[in-house]
Each structure stands twice: as C-alpha cells, then as structure tokens.
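Structural description and commentary
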Amino acid sequence: MSSSHTDCHFCLQSLRGRKYALREENAYCIPCYDSLYANPCQECKQPIECNSKDLAYKGRHWHEGCFRCAKCSRSLVEKPFAAKDDVLLCTECYSDEYSSKCFHCQKTIMPGSRKMEFKGSSWHESCFVCQYCRQPLGTKPLITKDNENYCVPCFEKQFAHHCYACKKVITSGGVTYHDQPWHKECFVCAACKTQLSRQRFISKDEYPYCVDCFSEFYAKKCAACKKPITALGGAKYISFEERQWHGECFNCAKCSISLAGQEFLTRQDDILCHKCGSA
C-alpha cells in the first residue's frame, strides 16, 4: 500500500515497504491490526486475519473455510442456510431435523414451500387432495372418512345417504324406516304430516302414520265402547263374527262380568254370560 503514513499507530515501527491496514484514519502493521481488531472465528476460535475473508451472521464471524453446516459439514458460502439454536445448517439438514413431514407421502416439507395443515397434521399442497377426484382441497370444505379426505361433492356421491322422501343428501342424523334413510323433518305421518321422529307410529302399506291418524282411518272399532283398537303397548282384543272388542270391554251386557276366556251367548248385538243368557 502506498500512503503518507510512515509508522504503525500501535507499535510505532516503520511501515515503509510493508503492508498495513487503516482504521479510523490510523495505520497499523498487519500483526498489530490482527491482534487488536481481528474477530475470533465462531468455529475454530482463531482470529480472522485481515488478509482472510470474514463472514458474519447476526454478530458472529467465521473464516470462509469454517462457515459450514454443523451436521454434514458442507460449505455454506453463498448458499442458503438456516439457524436453529445458534447452530447453522444447510437447508437439507434443517429440513431433515426440524421440518414437518407430509402426512400423505411422509416426505419432508421443505422450508419455503407451501404447507397445508389439517387436524394437527401437515401436507404438501400437492398431496392435500380429494381422495376420489384428486383435485386440490386447499381451503375448500372437506369431509374425512377412514383417514382419507374428500371434497364435499365427492363424499356425497360416494358415501352420503339420500332421503327416501326428498332425495336430498342427509348430512347428519336422520331416521331409518323400512331400511331406507329419511331426514327427520321428512319422516312424517302419511295423513296429517306430523313429524314422527320422536313419537310412536304405525306402519300401513309401507307408509308411517301417527297413532291418531291410523286409529281414525284404519283401526277396528270396539263393538262395546266404539273406540279404536290398536296394538300399541301389546293391547289384546277379541274378535267374534266380524266384530271386535277391547279385552277389557268384552263383558256381559247384563251383569258386566268379563267374558274373556269364558263361554258366552249372543242375543241380537249383545253378548251375555251363560247365566244371564239362560235366564
């Protein structure tokens, strides 16, 4: 170097014919400069002399030859790298150690690539697809079945039940009747259209009826009390010559004794016990 400086600012030795370094307009011989100002290398702890390349990252310094991946020792000079707990790693080693694994392909999701997350797991964007149509799911609504993800149209096409009444998809709940699925709101009495999902009903010709409607339209009437005879609750009835009675109504018309299981006589429309009928 050529300069007007003639002596080292620190040791005062002549700089004529020697290399020197400047700091704050003061000249230093190389040994003095290195001993006073050279940064220690983070890796080898030796000073990084002024004739060596000093690589710095977040206030730390390395010799060019010491600036390497802490795991595989490959040089990081002019290459992308990542830091974890003050340790420098190449992108490949960082990915192997710390990056998420794709739930589908189990390969590393590289830093900088788009990652999809769902139910605590991660996917490559290209792996997060509908199991049936293979189209990307992205942020679309989806349904999971047996650990596989489906877009809503494909799930409905493949798995969803369709209501026997309205033919639309049953997305939740529902009622099964005669091995057919129904929406709760579609499962109604065939006569009065009252919802039957939470009340007793009676089947007639494959259609459900509420008890009142079935009794009104189809139940036999008791010859004694004229009220409908239904089988709900296991009720028993007695039939004779096209007439029916509730079990508790099958009594002698004269003395009112129960005739269930007993011999009886008829007189016009009346039924009589043997004693009354013989009197």
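Treat the numbers as computed from the prediction; the structure is a model and nothing was measured.

Conventions we followed
- Residues numbered from 1 in each chain as written.
- Predicted model: local features only at pLDDT ≥ 70, side-chain atom pairs only at ≥ 80, totals over all residues.
- Heavy atoms only, no water.
- Helix = DSSP H or I, 4+ residues; strand = E, 2+ residues; numbered from the N terminus.
- Buried < 20%, exposed > 50% of the residue type's maximum accessible area, 1.4 Å probe, protein only.
- Core = buried A, V, L, I, M, F, W, Y, C linked by side-chain atoms within 4.5 Å.
- Contact = heavy atoms within 4.5 Å.
- Pairing = 2+ DSSP bridges.
- Domains from an automatic or database assignment.
- Salt bridge = Lys/Arg side-chain N within 4 Å of Asp/Glu carboxyl O.

With that settled, consider unusual backbone geometry. A negative phi angle is the norm for most residues apart from glycine, just as the trans form is the norm for most peptide bonds. You will see that E25, though not glycine, has its phi angle at about 70°, which is positive. Structurally, E25 is set in the loop between β1 (20–23) and β2 (26–29). Residue E25 is classed as exposed on the basis of its relative accessible area of 72%. Positive phi values are uncommon outside glycine, yet D179 reaches one of about 60°.

Turning our attention to the nonpolar core. Counting residues in each nonpolar core, the largest one holds 15 residues, and the members touching the most others are F187 and C189. Of all the elements in the fold, those that place two or more residues in this core are β13 (175–177), β16 (207–210) and α4 (211–217). When near neighbours in sequence (up to four residues on either side) are disregarded, F187 contacts V175, Y177, W182, T194, Q195, L196, S197, F201 and P208.

Let's shift gears to the pairing of strand β8 (residues 121–124). Both faces of β8 are covered, namely the face carrying S121 and W123 and the face carrying S122 and H124. Here strand β7 (residues 115–118) pairs with β8 via four bridges, running antiparallel. Counted as the bridge partner of M116 is W123 from β8. Between β7 and β8, which pair antiparallel and follow one another directly, the connecting turn spans two residues, one of which, K119, has a positive phi of 55°.

It is common to give the size of an interface as the accessible area lost on bringing the parts into contact. Splitting the protein chain by domain gives domain 1 (38–96), domain 2 (175–216) and domain 3 (221–278). Here the C-alpha centre of domain 3 lies 104 Å away from the C-alpha centre of domain 1.

Opposite charge on two side chains permits them to pair, given that their charged atoms come into close proximity. Scanning the entire structure with this criterion turns up three salt bridges. Of the charged contacts, one joins R74 and E92 as a salt bridge, the two residues approaching to 3.8 Å between their closest N and O atoms. Here R74 is found in the loop between β4 (60–63) and β5 (81–84), whereas its partner E92 is found in helix α2 (residues 91–98), with 18 residues between them in sequence. In this structure R74 comes out as partly exposed when scored by relative accessible area, which is 43%. E125 is the partner of R114 in a salt bridge, and the nearest nitrogen-oxygen pair spans 3.0 Å. Remark: E125 occurs in the loop between β8 and β9 (142–145) and R114 occurs in the loop between α2 and β7; sequence separation between them is 11 residues. What makes E125 partly exposed here is its relative accessible area of 36%.

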